[in-house]
Amino acid sequence: MSGSDSGLDDGLDDGLDAGLGELIGRLPKVELHLHLEGSIPPELALRLARRHGRGLPGMADGAAGLREHYRFASFTEFVRMYLAISACLVDAEDFCEIAVALGRELAAQRVVYAEVTFTPMTHVARGVDAAVMLAGLAEGRARAREQYGVELAWVFDIVRSLGDQAAPTLELALRGREQGVIGLGFSGPEAAGWPIAPFGPVFARGRAEGLRSLPHAGEMAGPRSIWDALTVLGADRIGHGVRAVDEPALLEHLALHQVPLEVCPTSNLGIGLYPDLAAHPLPRLLAAGLAVSLASDDPPMFATSLVQEYRRCAAAYGWDAAQLRALAAAGVRHSFMSEPRKVELLAEQDRVAAELGWV
Ligand SMILES: [Zn+2]
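Along each chain, residue indices are assigned from 1 in the same order as the chain's sequence is written. Side-chain atom pairs in this predicted model are given and counted only at pLDDT of 80 or more, local residue features only at pLDDT of at least 70, and totals for whole chains, interfaces and linings cover all residues. The side-chain values count all of the structure's non-hydrogen atoms but skip hydrogen atoms and water molecules.

1. Some points on the overall build of the protein chain
Secondary structure is summarised from DSSP: a helix means a run of H or I of at least four residues, a strand means a run of E of at least two, and numbering begins at the N terminus for each. Looking only at helices and strands, the protein chain has 16 helices and 8 strands in total. The C-alpha radius of gyration of the protein chain comes to 19 Å, within 12% of the 21 Å expected for a compact globule of 359 residues. Referenced to the eigenvectors of the C-alpha coordinate spread, the extents of the protein chain come out at roughly 55 × 45 × 40 Å. Exposure is judged per residue with a 1.4 Å probe applied to protein chains only, and the accessible area is read against the type maximum: over 50% gives exposed, under 20% gives buried, and values in between give partly exposed. Scored against the burial criterion, the 359 residues of the protein chain give a buried share of 57%. When charges are tallied, Lys and Arg are placed among the positive residues and Asp and Glu among the negative ones, while His and the ends of the chain are skipped. Where a charge lies is defined by one atom per residue type, namely NZ (Lys), CZ (Arg), CG (Asp) and CD (Glu). The protein chain carries 32 positive and 46 negative side-chain charges, and their two centres are separated by 3 Å. To get the radius of gyration, use the C-alpha atoms; to get the globule rule, take the number of residues to the power 0.38 and multiply by 2.2 Å.

If you want it as structure tokens, here you go:
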């Protein structure tokens, strides 16, 4: 399904109760599934492409043309655009700038903390100096905190179809721990041709060093992929995981152990997993007692934001203030912020809700 006919442009005209909308906007929130390279808005992508003489689909027509091409028609097209934008990141300043831009966008949504996925080896493999890249990220993270009060933590992602990059990604993640790297991600094709087993030792080493295991699973493939992420990679959380609904035993396991899922409904619709929110399994995951938080994945590429995810789901599923607050609190609890910071943020959510009359 293409973005243009999936109703992704609903904006704020979604019929949501104004009071609930205000609650969503003002609650201090946490975002746990968001890709740095997938968060670059068209205007910034255009500036980066021009700066380095790179081409992007549609850029001849400026940011508007580029925006049209952000509306891909398939997962393959999505990946092509994602990589084309990634190729415009060259200097430390570029990496810094995209992190600062993300901080600004998150602050506008009252997102105060985000665990952000970044795929270092796609850049290093293009010839970017790892030290330059890490310095740019560190500077951008510091500025996002200073200028916008947003705390960014990094998840360094391993792409399963690029197996020889797993160990170097781990090395970079360990190098970056002082600059906010908290875990290893895992993405790419969930398919039989790309087995997960060879990645087990790298994740085991990372976990032994204190990194979290934060793989994508159960998005493109079914329950087996989630079981593998749990058993082979020792997953602390599952990115997406929505296909867990296909197996009652897995649902039971995830509920029993409260393994958090980072659910990104608009992204799932955008790549055609489900035709609309009515068909999306999120209500069934919640009903089964799973630990779920909402996330936005690659916001400008799916014409969404964390606020939009809350709004669209609230409108589609008839959520009340209690449900919205429970999801916002889940984002905090499932994060890897310090425990005192979690307590503080949960109290701040209670305070804001009370101030708005939702007690
Ligand atoms: Zn993702």
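2. Focus on the coordination of the zinc ion
On the protein side, the zinc ion has H33 (NE2), H35 (NE2), H216 (NE2) and D297 (OD) as donor atoms, found 2.1 to 2.4 Å from it. Water is absent from the atoms considered, so a metal site may look incomplete; donors are defined as N, O and S atoms within 2.8 Å of the metal, or 3.2 Å for Na, K and Ca. Here a site with four donors is tetrahedral if all angles are between 85 and 135 degrees, and a site with four or six donors is square planar or octahedral if opposite donors are over 155 degrees apart and the other angles are between 65 and 115; anything else gets the irregular label. For the zinc ion, the 4 donor atoms in the first shell make angles of 87 to 173 degrees at the metal, so the coordination geometry reads as irregular. Going along the chain, you hit the donors of the zinc ion in the pattern H-x1-H-x180-H-x80-D. Remark: D297 occurs in the loop between β8 (292–294) and α14 (306–317) and H216 occurs in strand β5 (residues 212–217); sequence separation between them is 81 residues. In this pair, the class of H216 matches that of D297, namely buried.

3. Observations regarding the packing of helix α2 (residues 42–51) against helix α3 (residues 62–70)
Closest axis-to-axis distance for the α2/α3 pair is 9 Å, and the angle between their directions is 110 degrees. With respect to α3, the axis of α2 lies roughly perpendicular. The two elements α2 and α3 cross, and the hand of that crossing is right-handed. Each of P42, E43, A45, L46 and R50 in α2 lies in contact with α3, whose residues at this interface are G62, A63, L66, R67 and Y70. Put simply, Ala, Val, Leu, Ile, Met, Phe, Trp, Tyr, Cys and Pro go in the nonpolar bin, Asp, Glu, Lys and Arg in the charged bin, and everything else, Gly too, in the polar bin. Among the residues making up the contact of α2 with α3, the classes are represented as 6 nonpolar, 1 polar and 3 charged. Interaxial angles span 0 to 180 degrees and are taken between N-to-C directions of axes, which are lines fitted to C-alpha atoms, for helices over the stretch in contact. Oblique is the label for any angle not covered by the other classes, which are roughly parallel (under 35 degrees), roughly antiparallel (over 145) and roughly perpendicular (65 to 115). We call a crossing left-handed when the near helix sits turned anticlockwise from the far one by less than a right angle, and right-handed when that turn is clockwise. Contacts: residue pairs with any heavy atoms within 4.5 Å of one another.

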